[in-house]
Each structure stands twice: as structure tokens, then as C-alpha cells.
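# Structural overview
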Amino acid sequence: MHITKSASELQLHGRFDAHEIQLFRSRLEEAILSSPNVRVDLQDVEFVDSTALAELVRGMKHCREAGGDLVLVSPSDPVRIILELTKLDAAFIID
Amino acid sequence: MTADNAQIESLVGALVDANDQLLALYDLASITADSLDESEVVGRILSRAQGLLRADALLLATEPEHAIGNAVDVAKLRLGQADRSEQGLSTSAVATVSSPDGNPVAVSALRHDNPFGTADTKLLEAVAKMLAGAVHTARLHETAVAQAVINRDHDTASKLAQSALPKWLPELDGVDLFARSEPARSAGGDLYTFAVVDGILHFSVGDVSGKGLPAAMMMTNVISASNAAFQRHGPEGPVAILEAIDRWVYQSLSDAGLFVTILVGSYNPASNELAVVNAGHSPVVFKDATGITTLGACAPPVGVLPLDNLEALSRIVAPGDRLVVASDGLTEQQSPAGEMFGDDRLDKLIETDTCSNAAEFGALLFDRIEMFADVAPQSDDRTLFILEFGETP
């Protein structure tokens, strides 16, 4: 996976799994320092595992504690299916 | 020309001294092979080297701010800054080298008189290099021993965590049960547990996010909470059981940045009623005479947000019906080509299976996953829980 970053938006590409957690966490922490409202673009993510989902949840809670929110943007089909199966689509704001 | 007695005596003395020095050098070189204890090795090298150098004091500093023990019990001397005045030591030599890990190592030699010569300085440098190597080796050994202790404790904790999974199957007329969990590492976050309370079978099947010991430790918490909830809230049904589990484990999951997908169910053989409530778990498939149905989640996993508006799915089961609850480690297993086993293959196996009982079908499913994986490694925990319903008394 690699992550590109613009103002308060992270674009994730490739597999998002346990191996990518540290990179995602550090980029998210940087983004939250700028603004607690962070958009995470998932349209180019091919696969997401439960560890990565937990990291998204952790990020969402962190953003909310800071007075903002974490918005999932355009999740790809594999990601959308996982979000629906786990009912996590009810916990996140999805744009 | 003949030497007088004084010259001969001096020459013999010098030869004896040289021989003693060679023996001391041999002893010095042997020390590092005898022990891996840092203070012992350093003390012995300094003691021998002090004799070789005819020094009144020999000091070792492995860090500028931290002088360690020495052979003559002179302490608290900083690197290259021997406090000579307190000891009455008038002359010194210092050798500073880099240890293999790049840290400075300094040895100071001090005498009351007789300034150190070029040969002494070279010898001191050799001693410093020997000390640097010995200290480095001793510390590597110490780190390796500490890591071995951590690894042993990790293995023990992993085994303890896995032992929280039930080793028995419930005996209840009208239902045949298969349960197996295979962690990807020594410890995993997948779980199942069950209990028969007042003739009703209650069960939980779940998957704690993440991997390794943290997930495994949380898994044991969820099993304990499930077992307690079966006893305390069993008569109220699976929604009350799941709400109790949520109350007991939500905060610790949230604090750890984890969640658990979990399906809780109750089966009453007297009424043939099966009720389940699903918080984020997948795949869950029910098979009856009409085909297969995926039982979707009605709430996010436990630990994400406090649960509310839970709703149980309830149905009357018939002989031959089957409930299959797996973990994503089964469906996400990859082939050597990188293809995932997937929900469709699992659904097809469940739909077309003709096995005579739950255990036979469970074994078949694990075999099919193994065949699919071939030489590809197991990427996640694999758990399978099957209830096959039969004739009730």
C-alpha cells in the first residue's frame, strides 16, 4: 500500500492490512494535527483486513475525541462489501 | 667484553619480567573465552592488564557519563578525566576506541611515577579494544538471554490463551456440534464457546481484530464474558447475552483499539427454536431444505460503538438444517497465485455438501481450505463452528 496526502485527505492505494498500520497511523496523526476532520479515500484499496478496519475505527474515535470526524470516501467494492458485512457502514460516515 | 654481575642480574630480571608479561598476556587473551558476565570479564581483564602495564590504577569507562567497575576499586572517574589528585596519582595514559556498536570505550591507566612509554600506550590501546569487544559480547549475550525469556513467556501466555477455548463438546439431544480453531501464530484472536443452561444451548463465535498476543488476551476476556453471560442472562435470550458481553468488554476493547465481531446464539431443543444475534461477524450461513441463507449482522462489532437496537433472528429448525459460522481467515485464505478462497466457494460447499454429520463436514471444509492454500501460508486464524440439527426427543 502507499498513501498520498493532500490537505486533510489521505488517499490509500493497494492492500490495507496489518503490515500497513504504522504508516497509516503516522499519516493520520499528522493530518489530525492540521484538522480533526480527516477524509480517507478508499477507492483504490484492493483489500482490507480486520486489523486495518480496527485502525480505521481507532482513527475515527481519535478524530471524534478531537472534535472532528473521519470520513470514508468512495470505498472500493471489496471495502464496501466488508463494511456492509460487518455493519461498520453504520458506524462510519461514508461519502 | 664481559658483563658484571649487576648487568647480568639486570638482564635476567628483564627476561623474567618479559616472560611474566607474556604469561600475563596469555591469561588476558584467555579471559574472554571463560565467561559472558560483563562485570566478571571486565574485572579480570582490568586486573591482568594492570599487572601488564604496572599501573597503580586502571579505569574503564564505556560511556562518558558512566564509569563502570575496575580492578583497583577506584570509581566515579569520568572518561579521560581521572581524579588523580585524590589518589596521589601523578601520571596517566588514556586509550579511547569504538566498540562494535559504535559507542566510545576508554581505558585510563594511572601511576604514582614512571611516565607511560610508547609501548605502554600501544598495550593500553590493545587492552581497550579487548575490553570493548568483551563488553559488547557480554551485552549481546545479556540481550539474547532477556529476549529468550520474553519469547518463553510469550509462548506460555499464548498457550494459556488458547487453552481458554473449550476442549469438550456439549451433549445435547437434537444437535450435533463441530468446533475447531487454528490460530495463524502461536496465539490468535478467534474464539468460540458454549454452555448448556437449563437444557438450552448457548454459544458465541467471534474474531478479535488484530493478531498475536493482544488479540489472544482479549479473546480470553470475551470467552469469560460469554460464559458468565450464558449463566446470568441465558433465559433472556441472545440479545441480553450480547448486551452483557458488550457491557463487560466494550471499554477494554476500545482502550486497546480493538473490536470483536461476534455471533451469539441460543438453541432450545424443546421448541426447536434457534435465535442468533450478529454483531459484525461474517460469514454466517444457514442451510435448510430450501437452500442457504446468509445471516447478516444487525450491529457493528463489539468495541466500535456502544451497542443499541439489537435484534435477534429467530427460526424453527428442522432435522438436517445446519448453521455454519466461520471466521474470515477461512474465506480470505489465499492460493499460491494470490486468489482468495472467498465466500462463494464456501457457500457452494455448504449448499452441495452431503456429509452425514457436522464433524465430517467440518473436517471436509478444513481439507478443502488446505488444498486451496497448497503451499501458501496460513494468513489468519481459521475458525469453524457448525451446528447440525437432528431429531429432538
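Above: the structure in question.
In this report, we go over the structure that sits alongside the text. (Residues numbered from 1 in each chain as written. Chains lettered and ligands numbered in written order. Predicted model: local features only at pLDDT ≥ 70, side-chain atom pairs only at ≥ 80, totals over all residues. Heavy atoms only, no water.)

### Some points on the pattern of salt bridges
Defined as follows: The salt bridge definition used is simple: a Lys or Arg side-chain nitrogen within 4 Å of an Asp or Glu carboxyl oxygen. Note on classification: 1.4 Å probe, protein chains only; a residue is buried when its accessible area is under 20% of the maximum for its type, exposed when over 50%, partly exposed between these limits. In DSSP terms, a helix is any run of H or I states spanning at least four residues, a strand is any run of E spanning at least two, and both are numbered starting from the N terminus.
The final tally for this structure, using the stated rule, is 20 salt bridges over all chains. For Asp 69 of chain A, the salt bridge goes to Arg 64 of chain A, with nearest N and O atoms at 3.1 Å. Looking at Asp 69 of chain A, the relative accessible area reads 13%, which means it is buried. A salt bridge links Lys 211 of chain B to Asp 380 of chain B; the shortest N-O distance between them is 3.7 Å. Within this pair, whereas Lys 211 of chain B is found in the loop between strand S7 (200-208) and helix H5 (212-233), its partner Asp 380 of chain B is found in the loop between helix H9 (358-373) and strand S14 (382-389), the two being separated by 169 residues in sequence. Judged by relative accessible area, Asp 380 of chain B falls into the buried class, the value being 9%. Shared partners join several salt bridges into a network, and the residues in it are Arg 25, Glu 29, Glu 55 and Arg 58 of chain A.

### Considering the packing of aromatic side chains
Between two aromatic rings, the relevant description is the distance of the centres plus the angle of the planes. All names here are of chain B. The cut-off we apply is this: Note on aromatic contacts: the rings of Phe and Tyr and the six-membered ring of Trp form a pair at centre separations within 6.5 Å, being stacked when their planes are under 30 degrees apart, edge-to-face when over 60 apart, and tilted otherwise. Each ring is checked for a lysine NZ or an arginine CZ that lies within 6 Å of its centre and within 35 degrees of its normal; such an atom marks a charge sitting over the ring.
Scanning the model with the defined rule gives eight aromatic pairs over all chains in all. For the pair Phe 178 and Phe 366, a centre-to-centre distance of 6.5 Å together with 55 degrees between the ring planes defines the contact as tilted. Here Phe 366 lies in helix H9 and Phe 178 lies in strand S5 (residues 175-182), a separation of 188 residues in the sequence. The burial state of Phe 178 is the same as that of Phe 366; both residues are buried. Ring geometry for Phe 203 and Phe 385: centres 5.2 Å apart, planes at 25 degrees, overall stacked. With a gap of 182 residues between them, Phe 203 in strand S7 and Phe 385 in strand S14 connect regions that are remote in the sequence. Of the two residues examined, Phe 203 and Phe 385, each falls in the buried class. In textbook terms, an aromatic cluster arises when at least three aromatic residues are bridged by ring pairs, as seen for Trp 168, Tyr 192, Phe 194, Phe 203 and Phe 385. The ring of Phe 366 carries the charged tip of Arg 180 above its face, separated from the ring centre by 4.4 Å.

### Details of the side chain of Asp 49 of chain A
To keep it simple, the criterion reads: By the counting rule applied here, Lys and Arg register as positive and Asp and Glu as negative, while His and the ends of each chain are not counted. Whenever two N or O atoms come within 3.5 Å, that pair is a polar contact, provided that in protein one can donate a hydrogen and the other can accept it, and provided that, for residues adjacent in sequence, both atoms are side-chain atoms.
As for its position among the elements, Asp 49 of chain A is in the loop between strand S3 (37-48) and helix H2 (50-65). Despite being buried, Asp 49 of chain A has no salt bridge partner; Lys 211 of chain B is the closest side chain of opposite charge, sitting 4.1 Å away. Separated by 3.2 Å, the side chain of Asp 49 of chain A and the backbone nitrogen of Thr 51 of chain A make a polar contact.

### Some words on unusual backbone geometry
Peptide bonds are trans in most cases, and residues, glycine excluded, mostly fall at negative phi. A cis amide bond links Ser 282 of chain B with the next residue in sequence, Pro 283 of chain B, at an omega value of 0 degrees. Positive phi, normally seen in glycine, also occurs at Ser 74 of chain A, with a value near 45 degrees. With respect to the helices, strands and loops of the structure, Ser 74 of chain A is situated in the loop between strand S4 (69-73) and helix H3 (77-85). Judged by relative accessible area, Ser 74 of chain A falls into the partly exposed class, the value being 31%. Phi is positive for Asp 374 of chain B, close to 55 degrees, though the residue is something other than glycine. Structurally, the position occupied by Asp 374 of chain B is in the loop between H9 and S14. The class of Asp 374 of chain B is exposed, set by a relative accessible area of 54%.

### Concerning H3 of chain A
Note that an α-helix has 3.6 residues per turn; residues three or four places apart therefore point the same way. Residue and element names in this part refer to chain A. Formally: Comment: arc refers to directions from the helix axis out to C-beta atoms. Contacts were defined at the residue level, with two residues in contact if any of their heavy atoms lie within 4.5 Å.
Those residues of H3 that sit buried are Val 79, Ile 82 and Leu 83. For H3, the arc enclosing every buried residue in end-on projection is 100 degrees, short of the 170-degree limit, so these residues lie on one face. Elements that come into contact with the buried residues of H3 comprise S3, H2, S4 and strand S5 (93-94). Lys 87 sits one or two positions beyond H3 and adopts a positive phi of about 65 degrees.

### Some details on the side chain of Ser 254 of chain B
Tracing the backbone shows Ser 254 of chain B in helix H6 (residues 238-256). Dropping the residues within four chain positions of it, Ser 254 of chain B is found in contact with Lys 61 of chain A together with Gly 303 of chain B.

### Some remarks on the interface of chain B and chain A
Heads up, the rule is: Using a 1.4 Å probe, buried area is obtained as the accessible area two parts lose upon being combined, added over both of them. Gly is put with the polar residues, along with every residue not named as nonpolar or charged; the nonpolar set is Ala, Val, Leu, Ile, Met, Phe, Trp, Tyr, Cys and Pro, and the charged set is Asp, Glu, Lys and Arg.
Across the boundary between the two partners, chain B contributes 23 residues, which contact 17 residues of chain A. Carbon and sulfur atoms make up 61% of the area that chain B and chain A hide from each other, which totals about 1,500 Å². Taken together, chain B and chain A are joined by zero salt bridges. Across the chain B-chain A interface, the total number found is four residue pairs in polar contact (both at pLDDT 80 or more). The residue makeup of the side of chain B that touches chain A, split by class, is 10 nonpolar, nine polar and four charged.

### Things to note about a nonpolar patch on the surface
Residues and elements named next belong to chain B. Note the cut-off: Put simply, a patch holds well-exposed residues, over 30% relative accessible area, that have no salt bridge, with like charges counted together within 9 Å and Val, Leu, Ile, Met, Phe, Trp or Tyr side chains within 5 Å. What sets the accessible areas is the Shrake-Rupley method with a 1.4 Å probe; for residues, cover comes only from the shown protein chains.
Together, Ile 8, Val 12 and Val 16 give the surface a local cluster of nonpolar side chains, amounting to about 240 Å² of exposed area. Inspection of the secondary structure puts Val 12 in helix H1 (residues 5-34). What makes Val 12 partly exposed here is its relative accessible area of 45%.

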